[in-house]
Amino acid sequence: MIYTVTLNPSIDYVIQLPNLNLGEVNRLETTFKFPGGKGINVSRILSELAYPNQAWGFLGGFTGEFVHDKLRELHIESHFTKIAADTRINVKLKAEQETELNAAGPAIAADEKQAFLDQFDQLKADDMVIFSGSVPSSLPQTFYFDLIQKVKERGAEYAVDTTGEALKKTLPTHPVVVKPNNHELADLFHVELDSLEKIKTYGQKLIEMGAQHVMISMAGDGGMLVTPDHCYRSAAPKGTVQNSVGAGDSMLAGFAGTFDATHDAMESFRYGLACGSATAFSADIATKAKIEEVLPQIKIEEF
Ligand SMILES: Nc1ncnc2c1ncn2[C@@H]1O[C@H](COP(=O)(O)OP(=O)(O)OP(=O)(O)O)[C@@H](O)[C@H]1O
Ligand SMILES: O=P(O)(O)OC[C@@]1(O)O[C@H](CO)[C@@H](O)[C@@H]1O
């Protein structure tokens, strides 16, 4: 079984308007509300691809109810720890440019945190846990590290999609895959990554620091997979981009689901790329049909 962990889920409130006029009343043409948070997006793709999975994390208040109900409508199995505070609302503004306003997240009480930690005792050695997204500000930023110790005690595998120091701290624990985007990779080392060669070099540094696979997403420029022995590279397929929110989560889901089933890194990368682009070419998270449409266009080469 694959478990996705979203410590900080959200309602993604998507606003579309041709131009944003700051300091004025802007009338909105189109709005959408989606259940959001990186692990939840991963679960949505895993479910599309029929990989058994369960979504974990914290949900609370009227916003938490919304996310819970939407996941039920989407037939996504979930077991969230109920909290007293409201789950956050993240605003995704699509005007001349895409702007994201992500809230810090609700307060998590000590007993809520403990109830969540206790859930990890049920993990088995053949499980995989996918940790994705930010840590709510009321929890220690080392929280993923604490959770990883619990996963390791149970002998299960895990993937990590987070940034900065939280990501660095998890590397020596040997996550099966980490998925920074090229900007996050550059920020991690305080460098500018203006060539594929440099991206490969810094991907290899994450391998040296302990990751088993490093999948670097590069939006419209495709992606790269670095392993201890290989580096694979693919350009992105062409298509009409509708939405880049969740493309990275979709990519991680495609990789992790396939890897859990096959342990074939290159095939997992192929599915990851297809899922990422399929979401970029959809208004919401991609459907199985869209992923299958994109898959034949993915061309991977050794780099
Ligand atoms: N404009 C695009 N055209 C084609 N493919 C895309 C496009 N944007 C994203 N993708 C695919 O999806 C993958 C993940 O996208 P991206 O690099 O934007 O992830 P991210 O920064 O983690 O995004 P997010 O945090 O919004 O999920 C890319 O590596 C690429 O394969
Ligand atoms: O604030 P975080 O946890 O880093 O990211 C949260 C988020 O931006 O990530 C998803 C897209 O990847 C959205 O559904 C959600 O709003």
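Scope of this entry: the structure provided in the associated data block. (Residues numbered from 1 in each chain as written. Chains lettered and ligands numbered in written order. Predicted model: local features only at pLDDT ≥ 70, side-chain atom pairs only at ≥ 80, totals over all residues.)

## Here we look at the site of ligand 2
Phase 1 of the analysis: Around ligand 2 sit 16 residues in total, of which Gly36, Asn90, Asn102, Gly133 and Ser134 are the nearest.
Phase 2 of the analysis: Going through the elements one at a time, strand S2 (10-16), helix H1 (38-48) and helix H8 (247-262) are the ones with two or more residues in the shell around ligand 2.
Phase 3 of the analysis: Tallied by class, the residues present in the shell around ligand 2 amount to 1 nonpolar, 11 polar and 4 charged. (Near = placed C-beta within 6 Å. Helix = DSSP H or I, 4+ residues; strand = E, 2+ residues; numbered from the N terminus. Nonpolar A, V, L, I, M, F, W, Y, C, P; charged D, E, K, R; others polar.)

## Things to note about the nonpolar core
Phase 1 of the analysis: Formed by 70 residues in total, the largest nonpolar core has its most connected members in Ile130, Tyr158, Phe255, Ala256 and Cys275.
Phase 2 of the analysis: Here the element with the most residues in this core is helix H9 (residues 265-280); it accounts for 8 residues.
Phase 3 of the analysis: In contact with Tyr158, not counting residues within four places along its chain, are Met128, Val129, Phe131, Ile148, Val151, Pro175 and Val176. (Core = buried A, V, L, I, M, F, W, Y, C linked by C-beta atoms within 7 Å. Buried ≥ 20, exposed ≤ 12 C-beta atoms within 10 Å, placed from the backbone. Contact = placed C-beta atoms within 7 Å.)

## Details of the environment of Ser250
Phase 1 of the analysis: Residue position: Ser250 is located in helix H8.
Phase 2 of the analysis: Exposure remark for Ser250: the 30 C-beta atoms within 10 Å place this residue in the buried category.
Phase 3 of the analysis: When the C-alpha positions of Ser250 and Lys288 are compared, they lie 11 Å apart, and in sequence the two are 38 residues distant.
Phase 4 of the analysis: Apart from residues lying up to four places away in sequence, Ser250 is in contact with Asn41, Ile45, Cys275, Gly276, Ala278, Thr279, Ile285 and Ala286.

## Considerations on the site of ligand 1
Phase 1 of the analysis: Around ligand 1 there are 20 residues in total, and Ser217, Ala236, Ala247, Gly248 and Gly276 lie nearest to it.
Phase 2 of the analysis: Among the secondary structure elements, those contributing two or more residues to the shell around ligand 1 are H8 and H9.

## A word on the sheet that holds strand S7 (residues 98-101)
Phase 1 of the analysis: Here 4 strands make up an open sheet; going across it, the order is S3-S2-S6-S7 and the pairing mixed. Two strands in the sheet have a free side with no partner beyond their single neighbour: strand S3 (30-36) and S7. Strand-to-strand twist in this sheet, taken as the mean axis angle between neighbours without regard to direction, amounts to 20 degrees. (Pairing = 2+ DSSP bridges. Axes fitted to C-alpha atoms, helices over the stretch in contact; angles between N-to-C directions.)

## A word on unusual backbone geometry
Phase 1 of the analysis: Despite not being glycine, His75 shows a phi value in the positive range, around 60 degrees.
Phase 2 of the analysis: As for its placement among the helices and strands, His75 is situated in the loop between helix H2 (61-73) and strand S5 (78-83).
Phase 3 of the analysis: Of note, the phi angle at His263 is positive, near 55 degrees, even though the residue is not glycine.
Phase 4 of the analysis: If you trace the backbone, His263 turns up in the loop between H8 and H9.
Phase 5 of the analysis: Among the residues examined, His263 registers 10 C-beta atoms within 10 Å and is labelled exposed.

## Quick word on the packing of H1 against H8
Phase 1 of the analysis: As a packed pair, H1 and H8 sit with axes 8 Å apart at the nearest point and diverge in direction by 50 degrees. Put simply, H1 runs oblique to H8. When you trace H1 past H8, the crossing you get is right-handed. Counted together, Lys38, Asn41, Val42, Ile45 and Leu46 of H1 and Asp249, Ser250, Leu252, Ala253, Gly254 and Gly257 of H8 form the full contact between these two elements.
Phase 2 of the analysis: Residue classes in the contact of H1 with H8 are distributed as 5 nonpolar, 4 polar and 2 charged. (Parallel < 35°, antiparallel > 145°, perpendicular 65-115°, else oblique. Left-handed = near helix turned anticlockwise from the far one by under 90°.)

From the geometry alone we can't say anything about function, so treat these as descriptive.
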